[in-house]
Amino acid sequence: MDVRVVDHPLAKSRLSTMRDARTNSAAFRAALQELTLMLIYEATREAELAEEPIHTPVAKTTGYRIANPPLLVPVLRAGLGMADQAHRLIPEAQMGFVGLARDEETLLPTPYLESLPADLTGRPVLVLDPMLATGGSMVHTIELLVERGATDVTAICTLAAPEGVQRLEEAGLPVRVVTASIDERLNESGYIVPGLGDAGDREYGAV
Ligand code: PRP
Ligand code: URA
């Protein structure tokens, strides 16, 4: 499985803002949006382009557009904080939604929303979720996509745990991961260490 760590000074700086327990919700959301921009930029580096003739005010030249715009799939709640930024970068993209809440006892995802196109054959998909911890939520989401015919899925995660990366690898799903960091480990409560805490709570408040 292809795992790309965006090891850029600006990404490290925004991630540090997100990690810092003193960062309030508004600043956390702003840093997440900026980091999302960098991750999407990297994730789409090899996107196929279609050429079209254009006229500048000076001359005729070749213009480019994304040939096959991806489906964006934020995983609610926390992935919602990445959705607008991703859409700003790829305005032609369609957006689907998956809602999952991790049971904090069993660490298993409990699905509560699924709003996806029926047929994803031939369409690249970018899944947006800041946290890849045990990997349970991501595996569930990718299985929903694969059931619909997706074969080209990229998981965009601000942070990943080695356990989550391994889980995805073992699942044998057609996915690659773009992240700003692979952290040390999960703790006994299933939180990423050092991590940033509960991403959804830090964006929107504890429920
Ligand atoms: C978080 C996060 C992922 C999931 C990762 O969401 O946004 O979806 O946990 O954990 P996993 O890899 O162990 O499955 P959570 O379920 O806390 O819901 P929230 O976004 O509503 O806060
Ligand atoms: N979900 C989060 O929001 N944070 C973690 O550290 C693990 C799962």
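Residues numbered from 1 in each chain as written. Chains lettered and ligands numbered in written order. Predicted model: local features only at pLDDT ≥ 70, side-chain atom pairs only at ≥ 80, totals over all residues. Heavy atoms only, no water.

Going by an unreviewed UniProt entry, the protein carries the name Uracil phosphoribosyltransferase and comes from Saccharopolyspora ipomoeae. Under the UniProt heading Sequence similarities (unreviewed entry), the note attached to the protein is "Belongs to the UPRTase family." Per UniProt, the comment on the protein under Pathway (unreviewed entry) is "Pyrimidine metabolism; UMP biosynthesis via salvage pathway; UMP from uracil: step 1/1." (UniProt positions renumbered as here; feature names shortened; annotations may be inferred.)

Chemist: Can you walk me through the pairing of strand β10 (residues 153-160) in this structure?
Modeler: Regular strands place side chains that alternate from one sheet face to the opposite one. Burial within β10 is extensive, with eight of its eight residues counted as buried. Sheet topology note: the strand β8 (residues 125-128)/β10 ladder contains four bridges and is parallel. Looking across to β10, one finds that V127 is bridged to A155. Summarising the sheet, strand β9 (residues 131-132) and β10 pair through two bridges and their orientation is parallel. By the bridge assignment, M131 is partnered in β10 with L159. Taken together, β9, helix α4 (residues 136-147) and β10 constitute a β-α-β crossover, and its handedness is right-handed. Here β10 pairs with strand β11 (residues 175-182) via seven bridges, running parallel. Residue pairing across strands places I156 opposite V178, the latter belonging to β11. In this fold, the crossover linking β10 to β11 by way of helix α5 (residues 162-171) has right-handed handedness. (Buried < 20%, exposed > 50% of the residue type's maximum accessible area, 1.4 Å probe, protein only. Helix = DSSP H or I, 4+ residues; strand = E, 2+ residues; numbered from the N terminus. Pairing = 2+ DSSP bridges. Right-handed = clockwise from strand over helix to strand, strands pointing away.)

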